[in-house]
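Listed below are the residues making up each chain.
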Amino acid sequence: MTTMMRNEVEVFKTQMSFDVNTTKDIRFDDWVVVTKKEADFRDALQDVADKSTWKNDITTSDMEVFAIQGCAEWQEIMANKPEFLGAFSKTYEVPEEIVQDTANHTGLMLKVDDEYIPVRTSAMKSMLETAKINGNALKKMPVSNLATVLNYCLEVAKGKTLLLKRAGKASAVLSADAKGYGILPMEELFDTAKEEIENKFSCRCNFGKGELTHEYMRVLFEIPQCKEKAFNEYKDYVPSIYNLDDLSLGIVLKSSDVGIAAATLEPIFIMRNKYWKIGNAEKLHHKYGNGMEDFREMATLMLSKLDKTIEKFAELSKISIRHPHNAFMLACKKAKLPKKLSTEALEEFSMMVAEDEVTTAHDIYLGISEILFYANRDGMNSREISLIEDNVC
């Protein structure tokens, strides 16, 4: 085994992407709940459900977008006359604090059936897709110009829109057509995933950590007493200096109800609060017609293949690699990982594995996984880190 395989501190220092604990008002765009307590996470899921309403009979061409900054009242507010904020709030029947938060983020409001609804950051991706427009130029436009472009496109758009209104803002503006968006409630995904995991392993799984924002849900389920044959055999590939009692199996659940991500389950190995992925994720896209039974079937399938997934991951230790530094960067390039983070991970890898040393594909994979640590350090959000995770594995 190489030096890297013997250095557990360096190999497994990658932290879970939600090792912070911040909570804010659910009405605001930067609201986030991070917790290690299942009861608290369930309360947050219930809060989201209670404050969410779906409306699917909206004619897309009837919607209208306007920029807050374009309103005469707002111009007065920006001219240091804060009393106009109250007038603005009263005119559009939106609480002052929500108006201010919206101005600090999207700066947009959506008019639907004579109701003015502030647009949340989480709605921007779906609203642009509903309007059938995209491109980096849209992000660079003044908000008033963006509103104009959106209105031109929405005016000629066909079909119906599915609107998610949550805690006073439009949180998603999705397609309600026959091939449009399918609702998979996050609290039901949570319950179903946990139930299937416990059925598979015939034991109670532990709630590791959970993160919930307006855009994304991420949950770690830990299986403390995994008796899978392949799991125990994998330990043969780990140096004996490791405390093997600390090695455990985990399942990560990820999803979004605003059109950003599919309902996803992925297996991981955990050692002393560090983790690495051991196989590709199974995904169920939020397409019309997909329901909770489809998710249950997907979970059952993923868990049934777990032995083979672990066996395949363990086989990386049988693959010898010459010129590991070149192989490392080629793998990062092929996976389209961020170049800066890849270079930084290679620098650390180089301190443990020399270029002329023969190593294994397992070593290189663990070294590449360090990119997740740097992504966390640089403050990337859970969605960005999840995209990197998908590319790493």
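Bear in mind the structure is a predicted one, so any value in this text is a computation, not a measurement.

A. Structural detail: the nonpolar core. The biggest cluster of nonpolar side chains holds 75 residues, and the ones touching the most others in it are Leu212, Met217, Leu253, Leu265, Phe269, Trp276 and Phe295. If you tally residues by element for this core, the top one is helix H16 (residues 361-377), at nine residues. Leaving out residues up to four positions away in the same chain, Met217 has contacts with Phe41, Leu45, Met186, Leu189, Glu211, Leu212, Leu253, Lys254 and Ser255. Formed by 24 residues, the second largest nonpolar core is a distinct cluster that contains Ile58, Val65, Leu108 and Leu146.

B. Summary view of the pairing of strand S4 (residues 108-112). Among the five residues of S4, four are classified as buried, and the element is accordingly described as predominantly covered. Relative to S4, strand S3 (residues 64-67) runs antiparallel, the two sharing four bridges. Note on S4: the bridge partner recorded for Ala67 is Leu108. Bridge count between S4 and strand S5 (residues 115-118): four bridges; the pairing is antiparallel. The residue bridging Val112 from the neighbouring strand is Glu115, located in S5.

C. How the structure looks around the pairing of strand S10 (residues 247-255). With nine of nine residues buried, S10 lies mostly within the body of the structure. Both faces of S10 are covered, namely the face carrying Leu247, Leu249, Ile251, Leu253 and Ser255 and the face carrying Ser248, Gly250, Val252 and Lys254. Relative to S10, strand S9 (residues 217-223) runs antiparallel, the two sharing seven bridges. In the sheet register, Ile223 faces S10, and the bridge partner there is Leu249. By the bridge criterion, eight bridges tie S10 to strand S11 (residues 263-271) in an arrangement that is antiparallel. The partner of Val252 across the bridge, within S11, is Glu266.

D. Representation of the packing of helix H15 (residues 339-352) against H16 in the model. Where H15 contacts H16, the axes come no closer than 8 Å and their chain directions differ by 125°. Regarding the angle of H15 to H16, the classification is oblique. At the point where H15 passes H16, the crossing takes the right-handed sense. Residue-level inspection shows Lys340, Leu341, Ser342, Glu344, Ala345, Glu348 and Phe349 of H15 in contact with H16, the latter providing Asp363, Ile364, Gly367, Glu370, Ile371, Tyr374, Ala375 and Arg377. Among the residues forming the contact of H15 with H16, the class breakdown is seven nonpolar, two polar and six charged.

E. Quick peek at the packing of aromatic side chains. With the rule as written, the count across this model stands at 10 aromatic pairs. Both rings, one in Trp54 and one in Tyr181, keep their centres 6.2 Å apart while their planes meet at 20°; by these two values the pair is stacked. Here Trp54 is found in strand S2 (residues 52-59), whereas its partner Tyr181 is found in the loop between strand S7 (169-175) and helix H10 (186-201), with 127 residues between them in sequence. Among the aromatic side chains, those forming a connected cluster through ring pairs are Phe41, Phe190, Phe207 and Phe221.

F. Summary view of the pattern of salt bridges. Per the stated rule, a full pass over the model turns up 26 salt bridges. Glu266 is the salt-bridge partner of Lys277, the closest N and O atoms lying 3.2 Å from each other. Of this pair, Lys277 sits in strand S12 (residues 274-277) while Glu266 is found in strand S11, placing the two residues 11 residues apart along the sequence. Considered together, Lys277 and Glu266 belong to a single accessibility category, that of buried residues. A salt bridge links Lys277 to Asp390; the nearest nitrogen and oxygen atoms lie 3.7 Å apart. Taken together, the positions of Lys277 in strand S12 and Asp390 in helix H17 (residues 382-392) put the pair 113 residues apart, joining distant regions of the chain. Classification of Lys277 by relative accessible area gives buried; the value is 4%.

G. Local environment of the sheet that holds strand S6 (residues 160-166). Spatial strand order, S2-S6-S7: three strands in an open sheet with antiparallel pairing. Looking at strand neighbours, the two that pair on one side only are S2 and S7, the edges of this open sheet. This sheet shows a mean twist of 25° between the axes of neighbouring strands, independent of strand direction. In the sheet, S6 pairs with S7 via six bridges, with the strands oriented antiparallel. The partner of Lys165 across the bridge, within S7, is Ala170.

H. Here's a closer look at the confidence of the model for the protein chain. Mean pLDDT over the protein chain: 83, with 85% of residues reaching 70 or higher. Of all helices and strands in the protein chain, the one with the weakest mean pLDDT is helix H2 (residues 8-11) (32), whereas helix H3 (residues 38-50) scores best (95). The low-confidence segment residues 1-22, where pLDDT is below 50, has 77 contacts with residues more than four positions distant or belonging to other chains.

Rules behind the numbers
Residues numbered from 1 in each chain as written. Predicted model: local features only at pLDDT ≥ 70, side-chain atom pairs only at ≥ 80, totals over all residues. Heavy atoms only, no water. Core = buried A, V, L, I, M, F, W, Y, C linked by side-chain atoms within 4.5 Å. Buried < 20%, exposed > 50% of the residue type's maximum accessible area, 1.4 Å probe, protein only. Helix = DSSP H or I, 4+ residues; strand = E, 2+ residues; numbered from the N terminus. Contact = heavy atoms within 4.5 Å. Pairing = 2+ DSSP bridges. Axes fitted to C-alpha atoms, helices over the stretch in contact; angles between N-to-C directions. Parallel < 35°, antiparallel > 145°, perpendicular 65-115°, else oblique. Left-handed = near helix turned anticlockwise from the far one by under 90°. Nonpolar A, V, L, I, M, F, W, Y, C, P; charged D, E, K, R; others polar. Phe/Tyr/Trp six-rings, centres within 6.5 Å; stacked < 30°, edge-to-face > 60°. Salt bridge = Lys/Arg side-chain N within 4 Å of Asp/Glu carboxyl O. pLDDT = per-residue confidence, 0-100.

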